[in-house]
Amino acid sequence: MSAQVQPLLVKTAEPVEYDWRRIVRGFAVLALVYAVVVYAVPKPAAVKPEGWRLTGLFVATIVGQMIEPIPGGAIVLLAVVISSLIGGLTIDQALAGYGDKTAWLVLSAFFISRALLKTGLARRIALFFVRLFGKSSLGVTYALAMSDCVLSGVIPSNGARAGGVILPIARSLSEIYGSEPGPTAGVFGTFLMAAIYQNDCITSAMFYTGQASNALAARMAAGFGYSVTWASWFKAAIVPGAISLLIVPWLSMRVLKPKVRRTPEAAAFAAREMAAMGPPKTAERILGAVFVAVCGLWMSSSWTRLDVTVTALLGLMTLLLTGVLSWRDITQEHAGWSVFVWYGGLIRLGTALNDTGVPKAFAEGVARIFPGLGWVGLLAVALLVYYYSHYAFASITTHILAMFTAFLAVLVAKGAPVGLAVFAFAIFANLAAALTHYGTTPGPIIFAHGYVSRANWWRIGLLASLVNFAIWATVGFAWWKLIGVW
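Bear in mind the structure is a predicted one, so any value in this text is a computation, not a measurement. (Residues numbered from 1 in each chain as written. Predicted model: local features only at pLDDT ≥ 70, side-chain atom pairs only at ≥ 80, totals over all residues. Heavy atoms only, no water.)

**Student:** Describe the overall build of the protein, listing the residues and the values that go with them.
**Tutor:** Within the protein, the regular secondary structure consists of 23 helices and zero strands. Its C-alpha atoms put the protein at 70 × 55 × 50 Å along the principal axes. In the protein, buried positions account for 55% of the 486 residues. Restricting to contacts in the protein with at least 6 residues of sequence separation, those with at least 24 account for 79%. A total accessible area of about 20,100 Å² is found for the protein, and carbon and sulfur atoms account for 68% of it. Put simply, the protein has 35 plus and 19 minus side-chain charges, and the middle of one group is 8 Å from the middle of the other. (Helix = DSSP H or I, 4+ residues; strand = E, 2+ residues; numbered from the N terminus. Buried < 20%, exposed > 50% of the residue type's maximum accessible area, 1.4 Å probe, protein only. Contact = heavy atoms within 4.5 Å. Areas by Shrake-Rupley, 256 points an atom, 1.4 Å probe, with all protein chains shown as cover. Lys, Arg positive; Asp, Glu negative; His and termini not counted. Charge placed at Lys NZ, Arg CZ, Asp CG, Glu CD.)

**Student:** I'd like to hear about the environment of Tyr98, residue by residue, with values.
**Tutor:** Its location among the elements puts Tyr98 in the loop between α4 (91-94) and α5 (101-119). Judged by its relative accessible area of 15%, Tyr98 falls in the buried class. In sequence terms Tyr98 and Phe191 are 93 residues apart; their C-alpha atoms lie 42 Å from each other. Other than its neighbours up to four places away in sequence, Tyr98 contacts Leu77, Val80, Trp104, Phe340, Val341, Gly344 and Gly345. Of the polar contacts made by the side chain of Tyr98, one reaches the backbone oxygen of Val341; its length is 2.8 Å. (Polar contact = N/O pair within 3.5 Å; in protein donor to acceptor, adjacent residues only side chain to side chain.)

**Student:** Tell me about helix α2 (residues 49-67), residues and numbers included.
**Tutor:** Side chains of residues three or four places apart in an α-helix project in the same direction, reflecting 3.6 residues per turn. With 19 residues, α2 extends 27 Å between its outermost C-alpha atoms, agreeing within 8% with the 27 Å of an ideal straight helix rising 1.5 Å per residue. Following α2 by one or two positions, Glu68 adopts a phi angle in the positive range, close to 45°. (Expected span 1.5 Å × (residues − 1).)

**Student:** Which residues make up the environment of Met146, and what values do they have?
**Tutor:** You can see Met146 is positioned in helix α7 (residues 137-152). Classification of Met146 as partly exposed rests on a relative accessible area of 30%. Along the backbone, Met146 and Phe133 are 13 residues apart, and their C-alpha atoms lie at a distance of 9.9 Å.

**Student:** Tell me about the pattern of salt bridges, and please be specific about residues and values.
**Tutor:** Should the charged atoms of two oppositely charged side chains come close, the side chains can pair. All told, the structure shown has eleven salt bridges when counted by the stated rule. Between Arg114 and Asp329 there is a salt bridge, and its shortest N-O distance comes to 3.9 Å. One end of the pair, Arg114, is in helix α5; the other, Asp329, is in helix α16 (residues 327-331), with 215 residues separating them in the sequence. Residue Arg114 is classed as partly exposed on the basis of its relative accessible area, which comes to 23%. Two residues, Arg123 and Glu273, come together in a salt bridge whose shortest N-O distance is 2.6 Å. Of the two residues, Arg123 is situated in helix α6 (residues 121-133) and Glu273 in helix α12 (residues 264-277); the sequence distance between them amounts to 150 residues. Residues joined in a network through salt bridges with shared partners are Arg114, Lys118, Asp329 and Glu333. (Salt bridge = Lys/Arg side-chain N within 4 Å of Asp/Glu carboxyl O.)

**Student:** So what about the side chain of Ser113? Which residues, and what values?
**Tutor:** Counting through the fold element by element, Ser113 comes out in helix α5. Beyond its immediate chain neighbours, meaning those up to four positions away, Ser113 contacts Ile155 and Pro156.

**Student:** Quick rundown of a nonpolar patch on the surface? Include the residues and the values.
**Tutor:** A cluster of nonpolar residues, Tyr18, Trp20 and Val24, forms a patch on the protein surface that exposes about 370 Å² of accessible area. With respect to the secondary-structure elements, Tyr18 resides in the segment before α1 (20-40). (Patch = residues over 30% accessible without salt bridge, like charges linked within 9 Å, V, L, I, M, F, W, Y side chains within 5 Å.)

**Student:** Describe the nonpolar core, listing the residues and the values that go with them.
**Tutor:** In terms of nonpolar packing, the biggest core is built from 164 residues, with Phe404, Phe425, Ile427 and Trp480 touching the most fellow members. A per-element tally of this core places helix α21 (residues 418-432) first, with twelve residues. Ignoring any residue separated from it by four or fewer positions in sequence, one finds Ile427 in contact with Ala205, Trp233, Ala237, Trp472 and Trp480. (Core = buried A, V, L, I, M, F, W, Y, C linked by side-chain atoms within 4.5 Å.)

**Student:** So what's going on with the confidence of the model for the protein? Which residues, and what values?
**Tutor:** This prediction gives the protein a mean pLDDT of 90; 96% of its residues lie at or above 70. Across residues 1-14 the pLDDT falls below 50, and counting only partners more than four positions away or on other chains, this stretch makes 22 contacts in the model. (pLDDT = per-residue confidence, 0-100.)

**Student:** Residues and numbers for the packing of aromatic side chains, please.
**Tutor:** Each pair of aromatic rings is reported with the distance of its centres and the angle of its planes. Tallied over the full model, the rule gives 29 aromatic pairs. Within the aromatic cluster, the residues linked to one another by ring pairs are Tyr208, Tyr226, Trp233, Phe423, Phe477 and Trp480. The aromatic ring of Trp486 is capped on one face by Lys481, whose charged end is 4.5 Å from the ring centroid. (Phe/Tyr/Trp six-rings, centres within 6.5 Å; stacked < 30°, edge-to-face > 60°. Lys NZ or Arg CZ within 6 Å of the ring centre and 35° of its normal.)

**Student:** Tell me about the environment of Val376, and name the residues and values.
**Tutor:** Turning to its location among the elements, Val376 is positioned in helix α19 (residues 375-388). When its relative accessible area of 55% is taken as the criterion, Val376 is described as exposed. Residues Val376 and Pro417 lie 41 residues apart in sequence; the distance between their C-alpha atoms is 10.0 Å.

**Student:** Before we move on, can you summarise the packing of helix α13 (residues 282-299) against helix α15 (residues 308-321) with the specific residues and values?
**Tutor:** One can describe the packing of α13 onto α15 by two numbers: an axis separation of 9 Å at closest approach and a directional angle of 175°. If you check the angle between α13 and α15, you find them roughly antiparallel. Seen from α13, the contacting residues are Leu287, Val290, Val294, Leu297 and Trp298; seen from α15, they are Val308, Thr311, Ala312, Gly315, Thr318 and Leu319. (Axes fitted to C-alpha atoms, helices over the stretch in contact; angles between N-to-C directions. Parallel < 35°, antiparallel > 145°, perpendicular 65-115°, else oblique.)

**Student:** Describe α5, with residues and values.
**Tutor:** With 19 residues, α5 extends 27 Å between its outermost C-alpha atoms, agreeing within 8% with the 27 Å of an ideal straight helix rising 1.5 Å per residue. Among the 19 residues in α5, 14 count as buried, and that is most of the element. Of the residues flanking the start of α5, the one acting as N-cap is Asp100, its side-chain oxygen 2.8 Å from the backbone nitrogen of Thr102. Two residues or fewer after α5 comes Gly120, characterised by a positive phi angle close to 90°.

**Student:** Can you lay out a positive patch on the surface for me, pointing to particular residues and giving the numbers?
**Tutor:** Together, Arg254, Lys257, Arg261 and Arg459 make up a positively charged patch on the protein surface. Summarising the element assignment, Lys257 is placed in the loop between α11 (230-256) and α12. You can call Lys257 exposed: its relative accessible area is 53%.

Laid out in structure tokens, this is it:
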């Protein structure tokens, strides 16, 4: 079997017949959700009728992201239009989210990540770490985790990182040791595939750009008067994240017990692959300089006062002017534009919902239910519910949309430090995605390769969840106290 790593290719799908029955059923569910919220749930006295209709529309939009009778971005765009009809917004106000600088930051990061994949620099980074640390099975997972960590600094798609860079290398390394889906999966591949998914969920939690909805959580936090930047997220997450990345791969090895423990061929393979790639090309060198400059300016934005969105756009324009990216690359970045549509729309809907006073009314209602429970006890209960409710979600974004603002409002009303609550709920949504094989985009991609059974996936997911929860709720909270988050 050839050891040559092939890039992960997405095959062009066959034309799908328009399933109008599924669409009608889906929108019937969404209409029912809207009707229940607006007409069956008592409206808080302080909320205007148009604000309550907007609440019903927002809840229906969240449910739409779960069942997707049509693509999620299209549902959000439809909700934006409807909000101008029934939600008390003008069309100018409804579309204002597409002018939000955070939406453009995420979009620019997607374009830069496309350059990392296009030039091969992302793969070169991963091979570099495997060559250095890949002499044991645990070392291989650490090497791939470090690669994922570096790329998380600028690639806001965990699917692109895990599926487009890490997975092809992991698959080839498994095949070197004769580990294929089926009877030989446990030789090396089961452990490696499970570990890279667990690692990806941790790296998603460690960076503002770890995945797209982190910026959405930061944008929601701004509604509570708390500012989250790329640098502040990095500072908050680096210590507990590093500990998780050290312990969880080791835990995966102890639980899944790969037969191969020493992997000198992995380091040799990476060296051969890097030699075959040749020295870095001009495009890679330019991209590497842009990558370092953008991350450096993001980290130092509190000193330079240069807006992070301006930095991202300047990096993007540098890649365009130097020919590293073409305008065709920009127009064909379908994932980035899709995220931009739903992200910009949700920013505006979420802001408008907050202006209605509904989150505040919800928080006051929950606070009345737990009159004797202080913010510490309520935070503990809320985090457990929030974390393990991800069994019901197939998307970090949907999880954050459904629960982040509501839980944050409740905790703030109880007197919890805003910074502590913001980072806890934003980060734990990412960590919770590791529970299942459908928790976030890379899950189904990796699971489909057939190395990890559903039972093993859920077993390691549950055990890793206990470890991650313990690390972030102890070391993480203590670290946040030390650096002044709360």
